[in-house]
Amino acid sequence: MAEGLNRVMLLGNLGQDPELRLTQGGQALLKLRLATTESYMDKSGQRQERTEWHSVTLWGKRGEALAKFLSKGSTIFVEGQLRTDSYEKNGEKRYQTVVNATNIILTGGRRGGGEGGEGGGYSRGGGGGGYGGSRPSQGQQRQAPAFDEGPGDFGGGGGGGGNDDFGGGGDDDIPF
């Protein structure tokens, strides 16, 4: 039997401030409400918008760190897996599907023109990161991560980029 794939990638805005909780065992759990909005043309040619709301959870120290940076309106990129939990309410069994985040990148924007540029983010695979140092001062900007660096690598925060770093001179510039 073939293995399945459970992977979710979302780009959206936080609908409320994040909620950081500690489990009885002392592990941090960050809960986020993420809105994703898509535009489309209806049959009459009018532009319509549809917004979906997603529950996102992030465990551990990454959740603790991101809780300091995120607020309502923050634009983030989330990668993770879908998880369905069941619980009982008033004697009735209910189900809730959440995104269990493995990667979150701060894309630097705030919907509605709030203060800009957080940049950075967390990438399980690599360098950079948006919350190891200090936040940029007023007027200073961080570059948003590049999303064209290859499969599975979403920049790691703050400075990604294409091949411009290598001068673009062809094979003659390769030092080996």
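Structure's up top.
None of these values were measured; they are calculated from a predicted model.

> For the overall build of the protein chain, give the residues involved together with the corresponding values.
Across its full length, the protein chain holds one helix and seven strands. Traced from its N-terminal end to its C-terminal end, the protein chain shows the element sequence β-β-β-β-α-β-β-β. Put simply, the protein chain has 176 residues, and 33% of those count as buried. Here the analysis covers contacts within the protein chain between residues at least 6 apart in sequence; of these, 53% occur between residues at least 24 apart. Surface accessibility of the protein chain: about 11800 Å² in total, with carbon and sulfur atoms responsible for 45%.

> Lay out the environment of Gln-46 with the relevant residues and their values.
With respect to the secondary-structure elements, Gln-46 resides in the loop between strand 3 (28-41) and strand 4 (47-59). Residue classification places Gln-46 among the partly exposed positions, given a relative accessible area of 47%. Ignoring any residue separated from it by four or fewer positions in sequence, one finds Gln-46 in contact with Tyr-40 and Met-41.

> Which residues make up the nonpolar core, and what are the values?
Ranked by size, the top nonpolar core spans 17 residues in total, and within it Leu-32, Ile-76, Val-78 and Ile-104 carry the most contacts. Only strand 1 (8-14), strand 3, strand 4, strand 5 (74-89) and strand 6 (92-110) provide two or more residues apiece to this core. Looking at this core, the element that brings in the most residues is strand 6, giving four residues.

> How would you summarise the pattern of salt bridges if you had to cite specific residues and measurements?
One pass over the structure, following the stated rule, counts three salt bridges. Here Arg-7 makes a salt bridge to Glu-79, at a shortest N to O gap of 2.3 Å. Here Glu-79 lies in strand 5 and Arg-7 lies in the segment before strand 1, a separation of 72 residues in the sequence. What makes Arg-7 partly exposed here is its relative accessible area of 44%.

> A description of unusual backbone geometry should follow, citing residues and the corresponding values.
A positive phi angle, near 55 degrees, is found at Asn-90, a position not held by glycine. Take Asn-90: it is sitting in the loop between strand 5 and strand 6.

> Let's hear about the environment of Lys-93: which residues, and what values?
In this fold, Lys-93 is placed in strand 6. Take Lys-93: its relative accessible area is 52%, and that puts it in the exposed class.

> Go over the environment of Trp-59 with me, naming the residues and quoting the values.
The topology assignment puts Trp-59 in strand 4. When its relative accessible area of 35% is taken as the criterion, Trp-59 is described as partly exposed. Each C-alpha atom of the pair Trp-59 and Gln-27 lies 7.4 Å from the other, and the pair is 32 residues apart in sequence. Beyond its immediate stretch of four places on either side in the chain, Trp-59 contacts Thr-23, Gln-27, Ala-28, Leu-29 and Asn-100.

> Let's hear about the pairing of strand 3: which residues, and what values?
With two bridges joining them, strand 1 and strand 3 adopt antiparallel strand pairing. Paired with Leu-14 across the two strands is Leu-34, which belongs to strand 3. Linking strand 2 (residues 19-22) back to strand 3 in an antiparallel pair, the connection comprises five residues, with Gly-26 at a positive phi of about 90 degrees. Both strand 3 and strand 4 contribute to a ladder of 13 bridges, which runs antiparallel. Note that in strand 4 the partner of Leu-29 across the bridge is Trp-59. Hairpin geometry of strand 3 and strand 4 is characterised by an intervening segment of five residues between the two adjacent antiparallel strands and by a positive phi of about 85 degrees at Gly-45.

Each value, and the rule that gives it
Residues numbered from 1 in each chain as written. Predicted model: local features only at pLDDT ≥ 70, side-chain atom pairs only at ≥ 80, totals over all residues. Heavy atoms only, no water. Helix = DSSP H or I, 4+ residues; strand = E, 2+ residues; numbered from the N terminus. Buried < 20%, exposed > 50% of the residue type's maximum accessible area, 1.4 Å probe, protein only. Contact = heavy atoms within 4.5 Å. Areas by Shrake-Rupley, 256 points an atom, 1.4 Å probe, with all protein chains shown as cover. Core = buried A, V, L, I, M, F, W, Y, C linked by side-chain atoms within 4.5 Å. Salt bridge = Lys/Arg side-chain N within 4 Å of Asp/Glu carboxyl O. Pairing = 2+ DSSP bridges.

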